[in-house]
Amino acid sequence: MIHALTDFFPSKTVSLYMARSFLINTFAFLFGLVLILQTLDLLSESGRILAYPGNGDAQVWQYVSLRVPQIVATFLPFSVLLGTIITFTTMNQNSEIIALKASGLSAHQVLAPLMIAGLGVAIISFTFNDRIVSRASTTLAAWKKVDYGALPIDRGDRSNVWVRDGSHLVHAQQIKGRGDAAILGGVTVYERDGAVLKSLVRAKIGRREGNGWRVEGADRFDVATGKLTPLGSVVVAQGVRPDQFTLSSVDAESMSFGALSEAIDDLRAAGRPTKALEGALWHKLSGPLSAVLMPLLAAVAAFGIARSGKLFVRAVMGMGLGFLYFVADNFALAMGNLGAYPPFLAAWAPFLLFAMIGEAVLLKSEE
């Protein structure tokens, strides 16, 4: 089986040559795009950075270190597409594709080294996004909120948070701290029988105790009788975890794959909608894997005789297919955020659709 798999690829020398050319072209395009786009971005942001008293060159370079990972993550798939097209166009012009096909290799065998290299790029992209981009995005977002001033220490303070406790609803005006040390301020428990509101329990402060929250100075208002009953100190919201309060807002781009998965579980347990975040979670996998898809979409530039004068048209067709994929990908994510598409479909439908389109174009080109 291993022997049959190795026979699917061209010779080791040819495979390494193609993969090396693909990677060099891809990262050359990426370097150029990052350099140009970061320069343009810095022209618009440097004034805001330096406007804060005390900021100087060090803060400008700090901004660059936080912004570059975001630009790399955004434009790496574009660079893979352009790198693939240049690689195939050059090989076609030099009749290298014709030589490979004349040796008995199919179109899929010619593509195999680039798709394996693309898989390597996808793994690097996922790791880079998960470890570096998420942290840089978190820091940069917090820095922008204070107009590029001194970054505040995040102590986990949140405000205006709603949590579901079975059929009851718990509202906290403010949460300070994290975990079991979290303190709730302005607590209101809406006690319901199904969808019918029965009573309200109000308290000024609440602290974690056992599996629930002990609130102080509480009183209960009965909706049916209009009677207000002092309760003093009482435990409410049994089974509601601290993280269900502190996860009041979740930014998918600023979280790693594992952290986002845990946040979705916590939000689902709190009874909050998670469809948009589930789509973002799946896209953390499908996004980097677009590097495997790009050689298939750009393959139209590889096949066909260069002397026919249609090589440029084929290259444009490959570029058009690639850019159309990115448009469809963003459209599907937007539909997923609106709830029109299920999360899995929003993240994977463009990938699977264009994989089939690329395969159809490849088979047509091979004919």
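This structure is a prediction, so every number in the text was calculated from the model and none was measured. (Residues numbered from 1 in each chain as written. Predicted model: local features only at pLDDT ≥ 70, side-chain atom pairs only at ≥ 80, totals over all residues. Heavy atoms only, no water.)

**Describing the pattern of salt bridges**
Note the threshold: Put simply, a salt bridge is a Lys or Arg side-chain nitrogen that is within 4 Å of an Asp or Glu carboxyl oxygen. Helical segments are the DSSP runs of H or I of at least four residues, strand segments are the runs of E of at least two, and each set is numbered from the N terminus. Here the term buried applies to any residue with accessible area under 20% of the maximum for its type, exposed to any over 50%, and partly exposed to those in between, with areas from a 1.4 Å probe on protein chains only.
The final tally for this structure, using the stated rule, is four salt bridges. Note that D41 and R67 form a salt bridge whose closest N and O atoms lie 3.5 Å from each other. Placement of the pair is D41 in helix 2 (residues 12-51) and R67 in helix 3 (residues 57-93), with a sequence separation of 26 residues. Of the residues examined, D41 reaches a relative accessible area of 14% and is grouped as buried. The exposure class assigned to R67 is partly exposed, which follows from its relative accessible area of 21%. Between R214 and E209 there is a salt bridge, and its shortest N-O distance comes to 2.7 Å. Exposure remark for E209: the relative accessible area of 36% places this residue in the partly exposed category.

**Some points on the pairing of strand 2 (residues 168-176)**
The cut-off we apply is this: Any two strands with at least two DSSP-identified bridges between them are counted as paired.
Relative to strand 3 (residues 183-193), strand 2 runs antiparallel, the two being bridged by seven bridges. Residue pairing across strands places L169 opposite Y190, the latter belonging to strand 3. Hairpin remark: strand 2 followed by strand 3, antiparallel, with six residues in the connecting loop; positive phi at G177, about 85°.

**Section: the confidence of the model for the protein**
The condition that has to hold: The predictor rates its confidence in each residue with pLDDT, a number between 0 and 100.
With 90% of its residues at a pLDDT of at least 70, the protein reaches an overall mean of 85. When the elements of the protein are averaged for pLDDT, helix 1 (residues 2-8) gives the smallest value, 53, and helix 2 the largest, 92.

**Overview of the packing of aromatic side chains**
Under the convention used in this document: The rule is short: rings of Phe, Tyr and Trp, with Trp giving its six-membered ring, pair when the centres are within 6.5 Å, and they are stacked under 30 degrees, edge-to-face over 60, tilted in between.
For the coordinates displayed, the defined rule picks out 12 aromatic pairs. A centroid spacing of 5.1 Å and a plane angle of 85° characterise the contact between W143 and Y148, whose relative ring orientation is edge-to-face. Residue W143 shares its accessibility class with Y148, and that shared class is buried. Put simply, the rings of F75, F78, F323, Y325, F326 and F354 pair up and form one aromatic cluster.

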